[in-house]
Structures are given as structure tokens and as C-alpha cells.
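Observations on the model geometry
What follows is the residue order along each chain.
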Amino acid sequence: METVLILLQQILIMFLLAAVGFIAFRTGKISNEGSKTIGNILIYISLPAVIVKGFMVERTGERITGLLISMAAAAVILGICILISRLCFRNDPIASFGAAFSNPGFFGIPLITAILGDGGVFYVTPFIAFLNLLQWSYGVSLLTGERTGLKVKKVVTAPFMIAIAIGLILFFSQPALPAIVTKTVDFCAGLNTPLAMFAVGVYLAQCSFGKMLKNGRLYAVSAVRLLLIPLVTLALLTVIPGIGNDIRYAVMISAACPVGSNLAVYAQLHNKDYTYAVETVAVSTLLCVITIPLLVQTAGMLWQ
């Protein structure tokens, strides 16, 4: 129960931060251009710093094994996410994309850190890496209806991939970094939660709540993203032996997060229904304040 209360407190803090972003956008203090700047800071600075910081832990055999297990779990669960979403929303690419891909980088990491500490991020990085790779390949193909392959150069130079490479080097080499470097990484990583939630607030500020809350399709996407997929994930993590609880919680929360904000980014980029994409992100984000604590409470009873 204590874990659930910590998690609920963190979610409420995040929604207060989102309210700041909402008010700032509605009052003209954050413009559309400013919102894009926030997105660039998140993608190129704060999230990479969070990932690097997550690898700045003591190298042990247990952690190496845990990293391999979390990689396998992430690959399997993301495959299941794609399968379920495609079966549920065969003729709706935006809904299929939204149901398949969560928001572990910007929404999940603060929650995981709140209950597991900074070390919990270590087990989230494979999920983030695979999810982004699948968004760039399968996700874009889904939205455009065209077959697209991964461009090696684009993948290798992606900020999160560079951060993972740096993190792995630091993890396996265990250098004694000067305090000035670690403090800088800490400060940059500290931007992730407030800026990510400001961005969510900006998304919410662009929605017509009356129209949005009457759209049953949005609730269907949220039900798959926030309930069906996380419950399947919970069941798998419960029955598969040899998985530590830290890995279980990290992977399950990653899978239980709301629709990833990248859906709106890709929809806008490829001239799809941007409003529908933003509303999907917004409704699932609002509803996750109920679903995530309930899932974590259920997991706590099963994984005692």
C-alpha cells in the first residue's frame, strides 16, 4: 500500500506540473514554437541525461543479468502490444499506434524513480530503445501505409541511442567521474519530469474538452492501452520465473503508461489527424491516474 501511495503522490505532482503547462499555454506564456523548443530539450538533453544517469550504478553480476532479462521482457511485451493493438484497431492507424506504444521515457521514468529509485531507470532503457526503434519503423509504416525500413545512420545517431551507448560504456568501465560532471548530468536529468509534464499540459490546452470527452473511440484506445495490455503484461511477468521485482515493476509501469506523445508528433509530420492524435494522448493521460495505481497495487499483492 505504501508503494501505491508514493506512486499516487508522484502522479498528482506530475498533473500539477501539467496544469502549469496548461495555464502557461492558455495565457500565451508558452507558444507553439516554445512547445517545440521544450520537446527538443526533452529529446536531446533531459531524457538522454536520465538514461545516462540510470547507468551510473555499480556494475554487478546481478545487474548484468537483470539488464539481459529486461531486454528480453521488453522485446516480448512490445511484440504483444503491437499484436493486441493491431487486432483491436485494424482499420484505425492512429488508434493502433497509440494503443501499441506507451510513454515510458517522459511519463514512466518519474514513476519508476519514485518507487525504485534512480537504479530503476537501468531496467527501463531496453524498453525505451526498442519502443523508439519500432515507432520509427513499424509505427511510421502503420500511419503512412508504406513499408519503411530502419535507416542505420538515423538510428545510431538518435539521442536515446547515443545516451544508451554512453551509459553502457560508463556501466562496464566504471570510471571515477568528477563531481562537476555527475552534478551536471543530475541537473539535466532533473529537467525531464517538469518539462515533460509542461508538454502534456500544452497538449491538454489544445483540446476541446467537451468534444473530446464525448468521443467513445478515445476511451476504447485508453482501455486497450491502460488496461488490456498492462493486464496481459502483469500476467506474463507473474508466471515467468526468475524475474526480480525491480525488473517486473519497471517493465510493467513502462507498459502501463498512457499513449506516447510521439503519436501526435508523427501524426503531424505525416499529415494525419493531429487533433485525434492529441486527444488520444490527452484522454489516456488523464485516465492513467486511476489505472496505474490500481495495477501497481494488484502487482504488489501478486509479487509479495
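Basis of the calculations
- Residues numbered from 1 in each chain as written.
- Predicted model: local features only at pLDDT ≥ 70, side-chain atom pairs only at ≥ 80, totals over all residues.
- Heavy atoms only, no water.
- Helix = DSSP H or I, 4+ residues; strand = E, 2+ residues; numbered from the N terminus.
- Rg over C-alpha atoms; globule rule 2.2 N^0.38 Å.
- Buried < 20%, exposed > 50% of the residue type's maximum accessible area, 1.4 Å probe, protein only.
- Contact = heavy atoms within 4.5 Å.
- Areas by Shrake-Rupley, 256 points an atom, 1.4 Å probe, with all protein chains shown as cover.
- Lys, Arg positive; Asp, Glu negative; His and termini not counted.
- Charge placed at Lys NZ, Arg CZ, Asp CG, Glu CD.
- Salt bridge = Lys/Arg side-chain N within 4 Å of Asp/Glu carboxyl O.
- Polar contact = N/O pair within 3.5 Å; in protein donor to acceptor, adjacent residues only side chain to side chain.
- pLDDT = per-residue confidence, 0-100.
- Phe/Tyr/Trp six-rings, centres within 6.5 Å; stacked < 30°, edge-to-face > 60°.
- Expected span 1.5 Å × (residues − 1).
- Bend = angle between axes of the 7 residues up to and from the residue.

The subject of this paragraph is the overall build of the chain. When you go through the chain residue by residue, the secondary structure sums to 15 helices and zero strands. Relative to the 2.2 N^0.38 estimate, which gives 19 Å for 304 residues, the radius of gyration of the chain is 18 Å and therefore close to what a compact globule would have. With 304 residues in all, the chain has 50% of them scored as buried. Here the contacts in the chain between residues at least 6 apart in sequence split such that 84% fall between residues at least 24 apart. Split by element, the accessible area of the chain, about 13700 Å² in all, is 65% carbon and sulfur. Taking the average location of the 19 positive side-chain charges in the chain and that of its 11 negative ones, the two points are 9 Å from each other.

Next up on the list: the side chain of Arg248. Here Arg248 lies in helix α13 (residues 245–256). Although Arg248 is buried, it forms no salt bridge, and the closest oppositely charged side chain is Asp246 at an N-O distance of 10 Å. Here Leu237 takes part through its backbone oxygen, which lies 2.9 Å from a polar atom of the side chain of Arg248. In this structure the side chain of Arg248 is engaged in a polar contact, spanning 3.2 Å, whose partner is the side chain of Asn245.

On to the pattern of salt bridges. Counted under the stated rule, the structure contains two salt bridges. Across the pair Asp186 and Lys53 runs a salt bridge whose closest N-O atoms are separated by 3.5 Å. One end of the pair, Asp186, is in helix α9 (residues 179–190); the other, Lys53, is in helix α2 (residues 32–55), with 133 residues separating them in the sequence. Classification of Lys53 as partly exposed rests on a relative accessible area of 23%. The closest approach of N and O atoms between Arg217 and Asp92, which form a salt bridge, is 3.1 Å. A residue pair is termed long-range when its members are at least 10 positions apart, and Arg217 in helix α12 (residues 216–239) and Asp92 in the loop between α3 (61–88) and α4 (93–100) qualify at 125 residues.

A word on unusual backbone geometry. Phi is positive for Gln174, which is not a glycine, with a value near 50°. Mapping Gln174 onto the fold places it in the loop between α8 (159–173) and α9. Looking at Gln174, the relative accessible area reads 34%, which means it is partly exposed. With a phi angle near 60°, Asn271 is a residue other than glycine that sits in the positive phi range. Looking at the secondary structure, you find Asn271 in the loop between α14 (262–269) and α15 (274–302). Given the relative accessible area of 71%, Asn271 is considered exposed.

A word on the confidence of the model for the chain. Residues of the chain with pLDDT of at least 70 account for 97%, and the chain-wide mean is 90. When mean pLDDT is compared element by element in the chain, α12 scores highest at 96, while helix α7 (residues 152–156) scores lowest at 69.

This next bit is on the packing of aromatic side chains. Overall, the coordinates contain nine aromatic pairs when judged by the stated rule. Measuring from ring centre to ring centre gives 5.3 Å for Phe55 and Phe122, while their planes differ by 75°; the resulting arrangement is edge-to-face. Here Phe55 is found in helix α2, whereas its partner Phe122 is found in the loop between α5 (104–116) and α6 (125–144), with 67 residues between them in sequence. There is no split in this pair, since Phe55 and Phe122 are both buried. Ring centres of Phe122 and Tyr123 lie 5.2 Å apart, and the angle between their planes is 80°; on these two criteria the pair is classed as edge-to-face. By relative accessible area, Phe122 is classed as buried at 1%. The rings of Phe55, Phe122, Tyr123, Phe171 and Phe172 are connected pair by pair, giving a single aromatic cluster.

Glancing now at α6. Between its first and last C-alpha atoms α6 spans 28 Å; for 20 residues at 1.5 Å apiece the expected length is 28 Å, and the two agree. Its axis deflected by about 40° at Gln135, α6 carries its strongest bend there. With 16 of 20 residues buried, α6 is to be regarded as a mostly interior element. After α6 finishes, the residue Gly145 shows a positive phi value of roughly 75°.

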